[in-house]
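Analysis of the macromolecular model
Each chain, written out:
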Amino acid sequence: MTKVPYQSAIGSLMYAMVATRPDIAFAVGVVSRFMSNPGKKHWDALKLIMRYLSGTKDKCLCLGRGDVSIIGYTDSDYGGCADSRKSTSGYIFQIMGGVIAWRSRLQDCVALSTTEAEYVAASEACKEAIWLSRLASDMGIPQHVPKLFCDSQSAIALAKNPVYHAKTKHIGVRYHFIRECLANGCISLEKVVSRENAANALTLPYHKMHWGVVIT
């Protein structure tokens, strides 16, 4: 493995992921965790991603016409990392039917429940939604309150109900930022069924979903 250009290949995949390929964000995030000491299985997984990109060169991101309002989706797995047992957060934002921002990364804390994992993911997505809304306004694109969709009813209830919960008192203060945003009307947090949650592809392996990528 010392002769294998693993780190270089990861860098190339990250460039593609950040620029135009949100569909490989989760897979690249997984293989990049082993850059310091990769094994043969990690190299085989990386080559599978390369083959996938080679076979989907005709896929692209596109913007349509119509409403220019920002719409976001957030999702999380639960304890997906076998080493640290941390969960993976993912969010994706669309405008005019096309994807403009996305992210898939391990959470900083170990979630003790699926509700906490989804709540942390929604809080991170909330910050991105506010930044995108301000950026669009600075560019002269009028914006309504950004809509953020989540498939966890319990996480939505926790965000909208700023009262003391004995089972969630350990959650970091910074993740409660979403409560203030909801109270001030900065964002709108709504329920979406899991099969229509575009952020699923950023938290689950081999999950295929159409969210602005041209399917031919």
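All values reported here derive from a predicted model rather than from experimental measurement. (Residues numbered from 1 in each chain as written. Predicted model: local features only at pLDDT ≥ 70, side-chain atom pairs only at ≥ 80, totals over all residues. Heavy atoms only, no water.)

A word on the side chain of Asp77
- Along the polypeptide, Asp77 turns up in the loop between strand S1 (71-76) and strand S2 (88-95).
- Of the side chains with opposite charge, Arg33 lies nearest to the buried Asp77, which makes no salt bridge, at 6.6 Å.
- For Asp77, the side chain forms a polar contact with the main-chain nitrogen of Thr88, separated by 2.5 Å.
- Excluding residues within four positions of it along the chain, Asp77 makes contact with Ser87, Thr88, Ala117, Thr203 and Leu204. (Helix = DSSP H or I, 4+ residues; strand = E, 2+ residues; numbered from the N terminus. Buried < 20%, exposed > 50% of the residue type's maximum accessible area, 1.4 Å probe, protein only. Lys, Arg positive; Asp, Glu negative; His and termini not counted. Salt bridge = Lys/Arg side-chain N within 4 Å of Asp/Glu carboxyl O. Polar contact = N/O pair within 3.5 Å; in protein donor to acceptor, adjacent residues only side chain to side chain. Contact = heavy atoms within 4.5 Å.)

Brief notes about the pattern of salt bridges
- Summed over the entire model, instances satisfying the criterion amount to eight salt bridges.
- For Asp23, the salt bridge identified is with Arg21, shortest N-O distance 2.8 Å.
- Accessibility expressed as a relative area gives 22% for Asp23, which makes it partly exposed.
- One salt bridge connects Asp58 with Lys59, and the closest N-O pair in it is separated by 3.4 Å.
- What you see here is one network of salt bridges that share partners, running through Arg105, Asp108, Glu124, Lys127 and Arg174.

A word on the environment of Lys40
- Relative to the helices and strands, Lys40 is located in helix H3 (residues 40-55).
- For the pair Lys40 and Phe177, spaced 137 residues apart in the sequence, the C-alpha separation amounts to 42 Å.

Structural notes on unusual backbone geometry
- Located in the positive-phi region is Arg85, a residue other than glycine, with phi close to 60°.
- Accessibility expressed as a relative area gives 47% for Arg85, which makes it partly exposed.
- Notably, Met96 is not glycine yet its phi reads approximately 55°, a positive angle.
- With respect to the helices, strands and loops of the structure, Met96 is situated in the loop between S2 and strand S3 (98-106).
- On the basis of relative accessible area, Met96 is assigned to the partly exposed category, the value being 25%.

Regarding the packing of helix H1 (residues 6-19) against H3
- Where H1 meets H3, the axes come as close as 11 Å, and the angle between the chain directions of the two elements is 35°. The way H1 lies across H3 gives a crossing that is left-handed. On H3, the residues touching Tyr6, Ala9, Ile10 and Leu13 of H1 are His42, Trp43, Leu46, Ile49, Met50 and Leu53.
- A per-class count over the contact of H1 with H3 returns nine nonpolar, one polar and no charged. (Axes fitted to C-alpha atoms, helices over the stretch in contact; angles between N-to-C directions. Left-handed = near helix turned anticlockwise from the far one by under 90°. Nonpolar A, V, L, I, M, F, W, Y, C, P; charged D, E, K, R; others polar.)

Comments concerning the pairing of S3
- Relative to S3, S2 runs antiparallel, the two sharing eight bridges. The partner of Gly90 across the bridge, within S3, is Ser104.
- From the end of S2 to the start of S3, which pair antiparallel, there are two residues, and Met96 there has a positive phi angle of about 55°. (Pairing = 2+ DSSP bridges.)

Some points on the confidence of the model for the chain
- Counting all residues, the mean pLDDT for the chain is 87, and 94% of those residues have values of 70 or more.
- Under a pLDDT of 50 for its full length, residues 207-216 has, in the predicted model, 31 contacts with residues more than four places off or in other chains. (pLDDT = per-residue confidence, 0-100.)

Quick word on the side chain of Thr203
- With respect to the helices and strands, Thr203 occurs in the segment after strand S5 (188-191).
- For Thr203, a relative accessible area of 1% gives the class buried.
- The contact partners of Thr203, leaving out residues within four places of it in the chain, are Phe26, Asp75, Ser76, Asp77, Thr88, Ser89 and Gly90.

Comments concerning H1
- Between its terminal C-alpha atoms H1 stretches 20 Å, which fits the 20 Å expected from 14 residues at 1.5 Å a residue.
- Of all the positions in H1, only Tyr6, Ala9, Ile10, Leu13 and Met17 are classed as buried. Viewed along the axis of H1, the buried residues span an arc of 100°, placing them on a single side of the element. Exposed residues on H1 whose side chains face more than 90 degrees from its buried face are Tyr15 and Val18.
- As for H1, its buried residues are in contact with helix H2 (25-31), H3 and S3. (Expected span 1.5 Å × (residues − 1). Arc of directions from axis to C-beta.)

Some words on the nonpolar core
- One finds Phe93, Tyr119, Ile178, Ile187 and Leu189 to be the most contacted residues of the largest nonpolar core, which totals 27 residues.
- Elements represented by at least two residues in this core include exactly S2, helix H4 (114-138), strand S4 (147-150), helix H5 (153-160) and helix H6 (177-184).
- Among the elements that make up this core, the one with the highest residue count is H4 (nine residues).
- Every residue in contact with Phe93, bar those within four places of it in the chain, is listed here: Ile70, Ile71, Gly72, Gly98, Val99, Ile100, Ala101, Ala125, Glu128, Ala129, Leu132 and Leu148. (Core = buried A, V, L, I, M, F, W, Y, C linked by side-chain atoms within 4.5 Å.)

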